[in-house]
Amino acid sequence: MGMKKFRFLTSGESHGKCLNAIIEGVPAGIRIKAAIINSDLARRQQGYGRGERMKIEHDTVEIKSGIRQGKTTGAPICLEIKNNDYANWEDVMAVEKLEYPTEEALRKLEEKSFTKVRPGHADYAGSKKYNLADLRDVLERSSARKTAIEVAVGSIAKQILKEFGILGFSHVIQIGNVKLDFYPKTYTLIKEKAEQSNVMCADDLTADRMRKAIDDAAQEGDTLGGKFEVIFGNIPVGLGSYVHWDMALDGRLAQAVMSIPAVKAVEIGAGVDSASLPGSKMHDEIFVARDKSIYRNTNNAGGIEGGISNGEAIVIKGTMKPIPTMKKSLATVDLKDMSPANAHFERSDVCAVPACAIVAEARAAIIIADELLSKIGGDSLTEMKAHYGI
Ligand code: EPS
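Just so you know, these numbers come straight off a predicted model, no measurement behind them.

Novice: Summarise the nonpolar core; cite the residues concerned and give the values.
Specialist: Ranked by internal contacts, the top residues of the largest apolar core, which has 79 residues, are Phe-6, Leu-79, Ile-156, Ile-175, Phe-228, Phe-232 and Leu-253. The element best represented in this core is helix H11 (residues 353-376), accounting for 17 residues. Look past the residues within four positions of Ile-156 in its chain and what remains in contact with it is Phe-6, Ile-23, Val-26, Ile-32, Ile-37, Ile-67, Ile-77 and Leu-79.

So, in structure tokens, the structure goes:
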């Protein structure tokens with residue numbers, strides 16, 4: 001995606017040695033703590049319904065450059081997360097083709113190769129696009145494992161935003177058919193309640209029903225999707241623009257969330273419900289306070305009007321489809337000989353909606369930080385703060 005100021009690339013395979021990112025464009029003087037990144041990584045690993053892999057990994061970041069004595073220097077920041085599971089995959093993931101492979105290595109390679117495409121995963125389209133006969137080559141990078149390093153990058157973005165008092169969180173509002181109907185009254189309460197829940201749901205009874213739905217799906221060898229919400233508050237007016245379509249803040253956020261593996265829909269504010277609201281109920285009326293500041297009693301716009309942040313909280317909803325790796329295997333084709341087959345199954349999650357919410361929070365933070373850096377400019381936090389007027 002075209003970033004303006006906060007640029008980064010990631011690399012790494014699901015069962016390779018490690019995941020990496022290099023970030024460029026972070027001004028000097030921003031306080032960064034690896035412990036904060038690690039706590040975001042731990043949040044991504046949690047969630048009722050995750051698979052066995054999460055018991056193997058204890059994702060921790062190693063900051064390899066760009067930060068000294070707790071602060072950014074303006075230099076590129078290099079991050080690395082090691083895959084503990086690599087120890088079990090060394091032969092399969094070996095960079096060099098072994099000239100004299102052991103029988104054990106050959107057996108493992110054979111065991112981990114597959115050609116029975118999983119409907120709903122990247123297997124079929126990926127194998128055609130990159131001309132890869134062994135679907136292992138598609139799975140390794142298309143896996144949602146790479147979202148771990150994105151969460152680390154997002155955590156850096158959040159630490160930049162924090163310097164300007166901009167804070168965000170995420171919570172789960174639906175798993176399968178179980179919906180959160182009762183919302184605690186304030187964002188602070190929603191955040192606190194969701195943080196205590198292993199499905200990231202702000203209502204205890206709904207959370208119980210969500211866990212039951214996950215248990216039932218697991219019993220059936222099935223998987224479940226759901227919906228989550230990401231909220232960022234204390235946003236300045238003026239991020240994004242209406243002057244060109246690729247500069248609209250809502251468009252950029254939608255792209256960032258839509259491209260998370262398994263996400264099928266993104267909404268801003270009232271989102272799809274705005275189709276059935278008359279204009280008089282949809283638009284957030286504007287009032288003047290005593291101090292001549294403006295306020296609103298509703299936020300159906302989700303903090304964005306005309307592609308520009310309007311100062312209200314940014315509210316994004318994402319919809320995740322059920323994970324396509326299933327014990328209850330679906331009809332497919334074996335690409336090896338084009339014969340009918342049952343789809344490949346390997347260890348996976350039953351439900352990863354809470355993890356997806358954390359990834360969406362990270363992706364949104366990256367876009368908001370990029371917009372903030374582009375708007376106020378500056379090579380150091382001191383310059384940025386002067387431009388921001390704080
Ligand atoms: C993931 C790690 C993976 C998967 C999951 C995401 O670990 P493994 O494949 O070794 O079990 O659990 O990816 C998918 C389910 C997928 O379909 O991409 C992680 O770290 O989030």
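Novice: If you had to explain the packing of H11 against helix H12 (residues 381-388) to someone new, which residues and values would you point to?
Specialist: H12 packs onto H11 with a crossing angle of 75° between their chain directions and a minimal axis gap of 9 Å. The angle between H11 and H12 falls in the class roughly perpendicular. Here Leu-372, Leu-373 and Ile-376 of H11 come into contact with H12, specifically with Met-384, His-387 and Tyr-388. Across the contact of H11 with H12, the residue classes break down as 5 nonpolar, 1 polar and no charged.

Novice: Quick rundown of the site of the ligand? Include the residues and the values.
Specialist: Lining the immediate surroundings of the ligand are 14 residues, of which His-15, Arg-44, Arg-53, His-121 and Arg-347 lie closest. The separation between an oxygen atom of the ligand and a polar side-chain atom of His-121 is 2.8 Å. In this structure, an oxygen atom belonging to the ligand sits 3.0 Å away from a side-chain N or O atom of Arg-145. Burial of the ligand by the surrounding chains reaches 93%, relative to a free accessible area of 480 Å². Grouping the amino acids of the shell around the ligand by side-chain chemistry returns 3 nonpolar, 5 polar and 6 charged.

Novice: Outline unusual backbone geometry, listing residues and values.
Specialist: Positioned with a positive phi, Ala-262 is a non-glycine residue whose angle comes to about 80°. Following the sequence through the fold, Ala-262 ends up in the loop between helix H9 (249-258) and strand E10 (263-268). Unlike most non-glycine residues, Met-338 shows phi in positive territory, near 55°. Inspection of the secondary structure puts Met-338 in the loop between strand E16 (331-334) and strand E17 (339-342).

Novice: Just give me the short version of the pairing of strand E1 (residues 7-11), but keep the residues and values in it.
Specialist: Pairing of E1 with strand E2 (residues 18-24) involves 5 bridges; the strand directions are antiparallel. Bridged to Phe-8 within E2 is Ile-23. Following E1, the chain reverses through 6 residues before pairing antiparallel with E2; Gly-12 in that reversal takes a positive phi of roughly 130°.

Novice: Go over the pairing of strand E15 (residues 314-320) with me, naming the residues and quoting the values.
Specialist: Remember that side chains alternate between the two faces of the sheet whenever the strand is regular. With 6 of 7 residues buried, E15 lies mostly within the body of the structure. Where E10 meets E15, 5 bridges bridge the pair, whose relative direction is antiparallel. Among the inter-strand pairings, Ile-268 is bridged to a residue of E15, identified as Ile-316.

Novice: Run through the packing of aromatic side chains, naming residues and quoting values.
Specialist: All chains considered together, the criterion is met by 4 aromatic pairs. Taking 6.2 Å as the distance between ring centres and 65° as the angle between the ring planes, the aromatic pair formed by Phe-6 and Phe-8 counts as edge-to-face. Across from the ring centre of Tyr-130, 5.4 Å away, lies the NZ or CZ of Lys-129, which sits over that ring.

Novice: Tell me about the sheet that holds strand E9 (residues 226-233), and name the residues and values.
Specialist: Read across the open sheet, the 5 strands follow the order E8-E7-E9-E15-E10; overall the sheet is antiparallel. The sheet is open, and its two edges are formed by strand E8 (178-179) and E10, each paired on a single side. Strands strand E7 (167-175), E9, E10 and E15 of the sheet are contacted by H11, whose axis makes an angle of about 35° with E9.

Novice: With reference to specific residues and values, describe the sheet that holds strand E3 (residues 61-65).
Specialist: Taking strand neighbours across the sheet as the criterion, the 4 strands line up as E1-E2-E6-E3 in an open arrangement whose pairing is antiparallel. The open sheet is flanked by E1 and E3, the only strands paired with a single partner. Within this sheet the neighbouring strands show an average axis-to-axis angle of 20°, counted without direction. Sheet topology note: the E2/strand E6 (residues 77-82) ladder contains 6 bridges and is antiparallel. Looking at the pairing, Asn-20 lines up with Glu-80 of E6. Of the strands in this sheet, E3 and E6 touch helix H1 (residues 34-45), which is tilted by about 140° from E3. Sheet contacts for helix H6 (residues 147-162): E1, E2, E3 and E6; angle to E6, the most-contacted strand, approximately 140°.

Cut-off values and rules
Residues numbered from 1 in each chain as written. Predicted model: local features only at pLDDT ≥ 70, side-chain atom pairs only at ≥ 80, totals over all residues. Heavy atoms only, no water. Core = buried A, V, L, I, M, F, W, Y, C linked by side-chain atoms within 4.5 Å. Buried < 20%, exposed > 50% of the residue type's maximum accessible area, 1.4 Å probe, protein only. Helix = DSSP H or I, 4+ residues; strand = E, 2+ residues; numbered from the N terminus. Contact = heavy atoms within 4.5 Å. Axes fitted to C-alpha atoms, helices over the stretch in contact; angles between N-to-C directions. Parallel < 35°, antiparallel > 145°, perpendicular 65-115°, else oblique. Nonpolar A, V, L, I, M, F, W, Y, C, P; charged D, E, K, R; others polar. Near = heavy atom within 4 Å. Polar contact = N/O pair within 3.5 Å; in protein donor to acceptor, adjacent residues only side chain to side chain. Areas by Shrake-Rupley, 256 points an atom, 1.4 Å probe, with all protein chains shown as cover. Pairing = 2+ DSSP bridges. Phe/Tyr/Trp six-rings, centres within 6.5 Å; stacked < 30°, edge-to-face > 60°. Lys NZ or Arg CZ within 6 Å of the ring centre and 35° of its normal.

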